[in-house]
Amino acid sequence: MDVRGGALSGRGAALARHAVAPWRDLLDGLDHVLEGRASRLAVVFAGLAVGWWIYVPVHELLHAAGCLAAGGGVERLEIDPLYGAALLSRLFPFVHAGGDYAGRLSGFDTGGSDLVYLATDLAPFALALLPGLWAVRVAVRRGLPFWFGAALPAAFSPWLSLSGDAYEIGSLAVTNLAPWRAQRALLLGDDLILRAQELAALGGAPWGGFLLAAALGLLWAVATTALGSLLAAKLGEPAPVARAR
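The text that follows walks through the structure, step by step, so that each part is easy to find. If you're wondering where the values come from, they're calculated on a predicted model, not measured in any experiment. (Residues numbered from 1 in each chain as written. Predicted model: local features only at pLDDT ≥ 70, side-chain atom pairs only at ≥ 80, totals over all residues. Heavy atoms only, no water.)

### Focus on the overall build of the chain
Here is step 1 of the chain: Across its full length, the chain carries 11 helices and 3 strands.
Here is step 2 of the chain: Along the chain, from the amino end to the carboxyl end, the secondary structure elements read α-α-β-α-β-β-α-α-α-α-α-α-α-α.
Here is step 3 of the chain: Across its three principal directions, the C-alpha atoms of the chain cover 60 × 55 × 35 Å.
Here is step 4 of the chain: Relative to its 245 residues, the chain shows a buried fraction of 43%.
Here is step 5 of the chain: In the chain, of all internal contacts separated by at least 6 residues, the share reaching a separation of at least 24 is 68%.
Here is step 6 of the chain: On the chain, roughly 12600 Å² of surface is accessible, and the fraction owed to carbon and sulfur atoms is 67%. (Helix = DSSP H or I, 4+ residues; strand = E, 2+ residues; numbered from the N terminus. Buried < 20%, exposed > 50% of the residue type's maximum accessible area, 1.4 Å probe, protein only. Contact = heavy atoms within 4.5 Å. Areas by Shrake-Rupley, 256 points an atom, 1.4 Å probe, with all protein chains shown as cover.)

Next comes the structure, spelled out in structure tokens:
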């Protein structure tokens, strides 16, 4: 018997389970907290709304914190007034109300360092690791529909960011590869749809680099939530199992 091969196979199966576990957390977890009562769905959505309202400005502030901690500079962070931008602008001079997005770090200086750029991109997703799925699973185990909804934005933030930060992380990697280094200005960005629109208007656009960046962003999202699942399990909160029918 090949013990080493068996161990590797076992690890692969465990990683695969953690890769799909977030969707069990969402679907089976929702089934658990509803307990067959449709009225509880309104409570879940109330929690989701509150969680999202808190998460958006925290996410953007963590982008700024990541940039500053890595040695970069922050000039302008735009947050929609709906998310408390007026109050936050009194606390942080770089916060401005408005912009085309719910929140966006539109002015920052990496000093030319892609490591600072990467730290800026990644910082908010620490919340996807902890509390992340751990908080979702605690809410499921305790039957707390409001807190289940409130924990979802942080836990699933990598997936919510597929057309934004996830693409930017992928494009940052791709533009460090020789075939697409010269197309950095065309490929690098935090808005996948805008990048696609701009590329579509060009002849001979680097679509290969664009698709690779999007694929790497997706792979990063899978890996991040899988790690969140693994950490939650290590802290004693395994993924919920489907309810018996």
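Back to the text.
### Details of a nonpolar patch on the surface
Here is step 1 of the chain: Side chains of L130, W134, L227, L230, L231 and L235 sit close together on the surface and give an oily, nonpolar patch of about 470 Å² of accessible area.
Here is step 2 of the chain: Elements with a contribution of two residues or more to the nonpolar patch: α5 (126-142) and α11 (207-234).
Here is step 3 of the chain: Sort the elements by how many residues they give to the nonpolar patch and α11 lands first, with 3 residues.
Here is step 4 of the chain: Considering the arrangement of structural elements, one finds L230 in helix α11. (Patch = residues over 30% accessible without salt bridge, like charges linked within 9 Å, V, L, I, M, F, W, Y side chains within 5 Å. Salt bridge = Lys/Arg side-chain N within 4 Å of Asp/Glu carboxyl O.)

### Some thoughts on the pairing of strand β1 (residues 73-79)
Here is step 1 of the chain: For β1, the buried fraction is high: 5 of the 7 residues fall into the buried class.
Here is step 2 of the chain: Both β1 and strand β3 (residues 103-109) contribute to a ladder of 6 bridges, which runs antiparallel. Paired with L77 across the bridge in β3 is L105.
Here is step 3 of the chain: For β1 and strand β2 (residues 95-97), the ladder comprises 3 bridges, and the chain directions are parallel. Residue pairing across strands places I79 opposite A97, the latter belonging to β2. (Pairing = 2+ DSSP bridges.)

### What to know about the sheet that holds β1
Here is step 1 of the chain: Strand order in the open sheet made by the 3 strands is β2-β1-β3, with mixed pairing throughout. Edge positions in the sheet fall to β2 and β3, since each of these pairs with one other strand and no more. Averaged over neighbouring strand pairs, the angle between their axes works out to 20 degrees when direction is ignored. (Axes fitted to C-alpha atoms, helices over the stretch in contact; angles between N-to-C directions.)

### Some thoughts on the side chain of T225
Here is step 1 of the chain: Inspection of the secondary structure puts T225 in helix α11.
Here is step 2 of the chain: Residue T225 is classed as buried on the basis of its relative accessible area, which comes to 1%.
Here is step 3 of the chain: Polar contacts involving the side chain of T225 include one to the main-chain carbonyl oxygen of V222, which spans 3.3 Å.
Here is step 4 of the chain: Beyond its immediate stretch of four places on either side in the chain, T225 contacts H18, P22, L133, A155, P158 and W159. (Polar contact = N/O pair within 3.5 Å; in protein donor to acceptor, adjacent residues only side chain to side chain.)

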